[in-house]
Amino acid sequence: PAMICRAFGAWAKALMGFPDEAVQLAESSVEHGRRQNDPHTLAFALVTVGLVYLFQRDVNRTDLVSSEVLDLSKEYKLPQWIAFAEEMQGWVICQRGDPASGIVLIERSLNGLHATRTHTSRILANLAESCLAGGNLRTANLHINAAFTHRELHGEHYYAPELYRLRALVLERSGATFSAVEAALAEALSSA
């Protein structure tokens with residue numbers, strides 16, 4: 001419980017725009033996880049800190065943490081955490097200029113987590129962003145729409161501001177009116 005409280009506190013702080021507090025809580029979560037000498041607890045904590053870095057768009061730190069999560073999860077056969085590590089690694093690969101390869105990993109992550117239906121809207125958002133990086137507006141829009149549908153069906157609202165921000169990017173790159181882009185950004189701000 002101490003690790004989980006720190007972990008989700010870190011996510012909340014990161015998504016609310018308090019990066020220093022988020023990193024402090026996330027790193028504390030990892031320290032606690034390491035002391036427990038339990039691979040599952042440590043993988044959970046590492047995924048948390050990795051996603052905090054991803055939320056902050058810190059490619060290098062996300063890469064380091066996702067590699068550790070992947071190694072640990074493969075060693076102890078923890079498929080849920082493998083999927084999260086692949087999501088993060090896919091995002092890193094996209095950010096480093098190879099959207100096609102990154103998308104493959106993010107899609108594999110989504111398929112691995114599909115049965116749990118958790119974090120689907122965030123993973124779809126990462127797919128949309130990766131498709132945007134690759135210039136595929138149509139597919140990016142499909143992923144954003146699927147993320148919004150999942151959000152409504154399952155009440156997964158924590159990533160809503162980012163979904164609206166990405167919708168604004170898709171609209172802007174699709175040549176939508178300024179008012180349509182502005183409305184999406186206003187929704188992002190309102191939901192944040």
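This structure is a prediction, so every number in the text was calculated from the model and none was measured.

> I would appreciate a short explanation of the overall build of the protein chain in the present structure.
Looking only at helices and strands, the protein chain features 10 helices and zero strands. Helices (α) and strands (β) of the protein chain occur, in sequence order from the N terminus, as α-α-α-α-α-α-α-α-α-α. What you see for the protein chain is a C-alpha radius of gyration of 16 Å, in line with the 16 Å of a compact globule of 192 residues. When its C-alpha atoms are laid out on the principal axes, the protein chain stretches across 55 × 30 × 30 Å. By the burial criterion, 47% of the 192 residues in the protein chain qualify as buried. Counting only contacts in the protein chain whose residues sit at least 6 apart along the sequence, the fraction spanning at least 24 positions is 56%. Total accessible area on the protein chain is roughly 9,400 Å²; 55% of this is exposed by carbon and sulfur atoms.

> Can you walk me through the environment of Ser-28 in this structure?
Of note, Ser-28 is situated in helix H2 (residues 19-35). Between the C-alpha atoms of Ser-28 and Val-49, which are 21 residues apart in sequence, the distance is 9.2 Å. In this structure the side chain of Ser-28 is engaged in a polar contact, spanning 2.8 Å, whose partner is the side chain of Arg-6.

> Before we go on, may I ask you to explain the side chain of Thr-48 in this structure?
Looking at where Thr-48 falls in the secondary structure, it is placed in helix H3 (residues 39-55). Taking the relative accessible area as the measure of exposure, Thr-48 reaches 1% and is therefore buried. Leaving out residues up to four positions away in the same chain, Thr-48 has contacts with Ala-7, Ala-10 and Trp-11.

> Teacher, can you tell me more about the packing of aromatic side chains here?
Note on aromatic pairs: each is described by the distance of the centres and the angle between the planes. The final tally for this structure, using the stated rule, is nine aromatic pairs. Here Trp-11 and Phe-55 contribute two aromatic rings whose centre-to-centre distance is 6.0 Å and whose plane-to-plane angle is 65 degrees, an arrangement assigned as edge-to-face. Here Phe-55 lies in helix H3 and Trp-11 lies in helix H1 (residues 2-16), a separation of 44 residues in the sequence. Judged by relative accessible area, Trp-11 falls into the buried class, the value being 8%. You can call Phe-55 buried: its relative accessible area is 14%. Taking the centre distance of 5.9 Å and the plane angle of 55 degrees together, the rings of Tyr-158 and Tyr-159 count as tilted.

> Could you clarify how one ought to interpret the packing of helix H9 (residues 160-173) against helix H10 (residues 178-191) in this entry?
When two helices pack together, their arrangement is given by the angle between the helix axes and by the axis-to-axis distance. At a closest axis distance of 8 Å, the pairing of H9 and H10 adopts a crossing angle of 170 degrees. Classified by the interaxial angle, the pair formed by H9 and H10 is roughly antiparallel. Contacts between H9 and H10 involve Ala-160, Pro-161, Tyr-164, Arg-165, Arg-167, Ala-168, Leu-171 and Glu-172 on the former and, on the latter, Ala-180, Val-181, Ala-184, Leu-185, Glu-187, Ala-188 and Ser-191. Residue composition of the contact of H9 with H10, grouped by class: 10 nonpolar, one polar and four charged.

> For this particular structure, what's the right way to read the packing of helix H5 (residues 79-95) against helix H6 (residues 99-113)?
As a packed pair, H5 and H6 sit with axes 7 Å apart at the nearest point and diverge in direction by 160 degrees. By the angle between their axes, H5 is roughly antiparallel relative to H6. For the pair H5 and H6, the crossing hand works out as left-handed. On the side of H5, the interface is formed by Gln-80, Ala-83, Phe-84, Glu-86, Glu-87, Gln-89, Gly-90, Trp-91, Ile-93 and Cys-94, while H6 contributes Pro-99, Ser-101, Gly-102, Ile-103, Leu-105, Ile-106, Arg-108, Ser-109 and Leu-113.

> Is there a simple way to explain the pattern of salt bridges in this structure?
Between side chains of opposite charge, a pair can form as their charged atoms come close. What the rule picks out here adds up to 10 salt bridges. Here Arg-61 ties to Asp-58 by a salt bridge, and the two come within 4.0 Å at their closest N and O atoms. A salt bridge links Glu-86 to Arg-108, with the shortest nitrogen-to-oxygen separation between them at 2.9 Å. A residue pair is termed long-range when its members are at least 10 positions apart, and Glu-86 in helix H5 and Arg-108 in helix H6 qualify at 22 residues.

> Would you mind showing me how to read H2 here?
Given 3.6 residues to a turn, an α-helix orients residues that are three or four positions apart in the same direction. Under the 1.5 Å per step criterion, the end-to-end length of H2 is 24 Å for 17 residues, consistent within 8% with the ideal 24 Å. Along H2, the residues classified as buried are Ala-22, Val-23, Ala-26, Ser-29, Val-30, His-32 and Gly-33. In this fold, the buried residues of H2 make contact with H1, H3 and helix H4 (59-75). At the exit of H2 stands Asn-37, carrying a positive phi of roughly 55 degrees.

Conventions used here
- Residues numbered from 1 in each chain as written.
- Predicted model: local features only at pLDDT ≥ 70, side-chain atom pairs only at ≥ 80, totals over all residues.
- Heavy atoms only, no water.
- Helix = DSSP H or I, 4+ residues; strand = E, 2+ residues; numbered from the N terminus.
- Rg over C-alpha atoms; globule rule 2.2 N^0.38 Å.
- Buried < 20%, exposed > 50% of the residue type's maximum accessible area, 1.4 Å probe, protein only.
- Contact = heavy atoms within 4.5 Å.
- Areas by Shrake-Rupley, 256 points an atom, 1.4 Å probe, with all protein chains shown as cover.
- Polar contact = N/O pair within 3.5 Å; in protein donor to acceptor, adjacent residues only side chain to side chain.
- Phe/Tyr/Trp six-rings, centres within 6.5 Å; stacked < 30°, edge-to-face > 60°.
- Axes fitted to C-alpha atoms, helices over the stretch in contact; angles between N-to-C directions.
- Parallel < 35°, antiparallel > 145°, perpendicular 65-115°, else oblique.
- Nonpolar A, V, L, I, M, F, W, Y, C, P; charged D, E, K, R; others polar.
- Left-handed = near helix turned anticlockwise from the far one by under 90°.
- Salt bridge = Lys/Arg side-chain N within 4 Å of Asp/Glu carboxyl O.
- Expected span 1.5 Å × (residues − 1).

Everything listed here is a matter of coordinates, which is why it stays silent on function.
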